[in-house]
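Notes for the structure review
What follows is the residue order along each chain.
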Amino acid sequence: MSYQNNNQKSETKDVTLSMQADRPLLIAVVFLVVIGLMSIFSASAPKCIEMGVNPARFFIQQLAFVIAGFFAMRYLSNFDYKRLMTYTLPFAFVVIIMLILVKVAGVSVNGAQRWLNIGPLNMQPSEFAKPAVVMLLSAVFYRNANLIDQNKFIFAYLPILLMLAFIYMQPNLSMLILLLLTSVSIFVCAGGEWKYILWGGCAFVPILLLKGLRGYQSSRLVTWLHPEADPLGAGYNVLQSLIAFASGGLFGVGYGSSKQKLAWLPEAHTDFIYAVIGEELGFIGCLFIIVLFWTILQRGFNIAIKCQDMYGKLMALGLTFSICFQGFLNMWVASSFTPATGVPMPFISYGGSSVFVSLCMVGILLNISKDNVKSMRNYTNVRNI
């Protein structure tokens, strides 16, 4: 009788533990989202006042997507990630259709046609391409990393090539590069041969530099090296961003007290929100953001390493790489370590599609971490029998 009671207690404990997600990952994400909402309100309020609208307009809009994103994250954290394989192709086709609609009836902002208005919603379909690419490649590489395969071409490469083509036409070169690097990371993790990557790089980079870059994109490379050569033109954004960092110093000028956001720093609530954080919260605030993204990177890779299923391992690695590389890329741009791109910072920059998709990706990571805990407990129970 005592033996049965002990078994029942053990099973109850196992069920409880199997429902626990990776808490450090979740805590880091919550901190980033809260910091993002605070930063969006601070950075966008002057612009809203200038537009004659509610100073909290962008904050409220972002908050709505954050709430929806947390509900989606909760749902996906309890949804068996292995079942996602069934929805991979349908989801990819939905993304392709949205990208086609962007090309046909999309909204243009600053010369880029990347947004799609669906009723009251303003969506950026290219954001949904990030999880779609990870799901497609994880589904075809989890058995083997054979690159030359007709089935892989039909079920993965072709949809991905269509996505990349439409994203390039928007144009959105930064998202294109992010998707390509994410694809490479999944291929390498699956055991792919480096020779294919080297051949692809040798072929892609020259074509991109010679034929693939538009005029303004080529000028960004020159501006990155010498922003002071055109301080009121191409180098303006970068120089104003660096001024914001310099003004912040070690501890910052205080929350809400940024001067650069008032009239000098363009896109203060989107592409260059990290510069506003640097000015208001200083080096300490910037370092805290870096630590949070590093925590996500470490926990995500740890989830991938512990996962016993190759499909889950590839999913975890691809999702983690996509989130963290995009975050660090935004920091590098704002700090002038890389040429300017239009990529937002996940969880922090203003953008409903970005924060919603990022939270969905975290939900999948949390589900994989739950499965890892359950597998470890089952393995322990087998050894104890």
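Residues numbered from 1 in each chain as written. Predicted model: local features only at pLDDT ≥ 70, side-chain atom pairs only at ≥ 80, totals over all residues. Heavy atoms only, no water.

1. Describing the sheet that holds strand β2 (residues 112-118)
If you trace the three strands from one edge of the open sheet to the other, you get β1-β2-β3, paired in antiparallel fashion. Strands with a single pairing partner mark the edges of an open sheet, and in this sheet they are β1 (107-109) and β3 (121-123). Along the sheet, successive strands turn relative to each other by an average axial angle of 40 degrees, direction set aside. By the bridge criterion, three bridges tie β2 to β3 in an arrangement that is antiparallel. Along β3, the bridge assignment pairs N117 with N122. (Pairing = 2+ DSSP bridges. Helix = DSSP H or I, 4+ residues; strand = E, 2+ residues; numbered from the N terminus. Axes fitted to C-alpha atoms, helices over the stretch in contact; angles between N-to-C directions.)

2. Quick word on helix α7 (residues 173-189)
When the terminal C-alpha atoms of α7 are compared, their 24 Å separation across 17 residues agrees well with the 24 Å that a helix rising 1.5 Å per residue should span. The set of residues buried in α7 consists of L173, S174, M175, L176, L178, L179, T182, S183, S185, I186 and F187. Within two residues after α7, G191 carries a phi angle of roughly 100 degrees, on the positive side. (Expected span 1.5 Å × (residues − 1). Buried < 20%, exposed > 50% of the residue type's maximum accessible area, 1.4 Å probe, protein only.)

3. Topic: the packing of helix α2 (residues 23-51) against helix α3 (residues 57-77)
Axis separation between α2 and α3 bottoms out at 7 Å; the angle between their running directions is 160 degrees. The pairing of α2 with α3 is recorded here as roughly antiparallel in orientation. Crossing angle aside, the handedness with which α2 passes α3 is right-handed. Taking contact as the criterion, the partners of L26, V30, V33, L37, I40, F41, S44, K47, C48 and M51 in α2 are, on α3, R57, F58, F59, Q62, L63, V66, F70 and M73. When grouped by side-chain class, the residues that make up the contact of α2 with α3 number 14 nonpolar, two polar and two charged. (Parallel < 35°, antiparallel > 145°, perpendicular 65-115°, else oblique. Left-handed = near helix turned anticlockwise from the far one by under 90°. Contact = heavy atoms within 4.5 Å. Nonpolar A, V, L, I, M, F, W, Y, C, P; charged D, E, K, R; others polar.)

4. A few points about the pattern of salt bridges
Per the stated rule, a full pass over the model turns up three salt bridges. Residues D22 and R299 are paired through a salt bridge, measuring 2.8 Å at the closest nitrogen-oxygen approach. Highlighted residues: D22 in the loop between α1 (2-18) and α2 and R299 in helix α12 (residues 273-306), separated in sequence by 277 residues. In this structure D22 comes out as buried when scored by relative accessible area, which is 8%. Between K130 and E127 there is a salt bridge, with the nearest N and O atoms lying 2.7 Å from each other. (Salt bridge = Lys/Arg side-chain N within 4 Å of Asp/Glu carboxyl O.)

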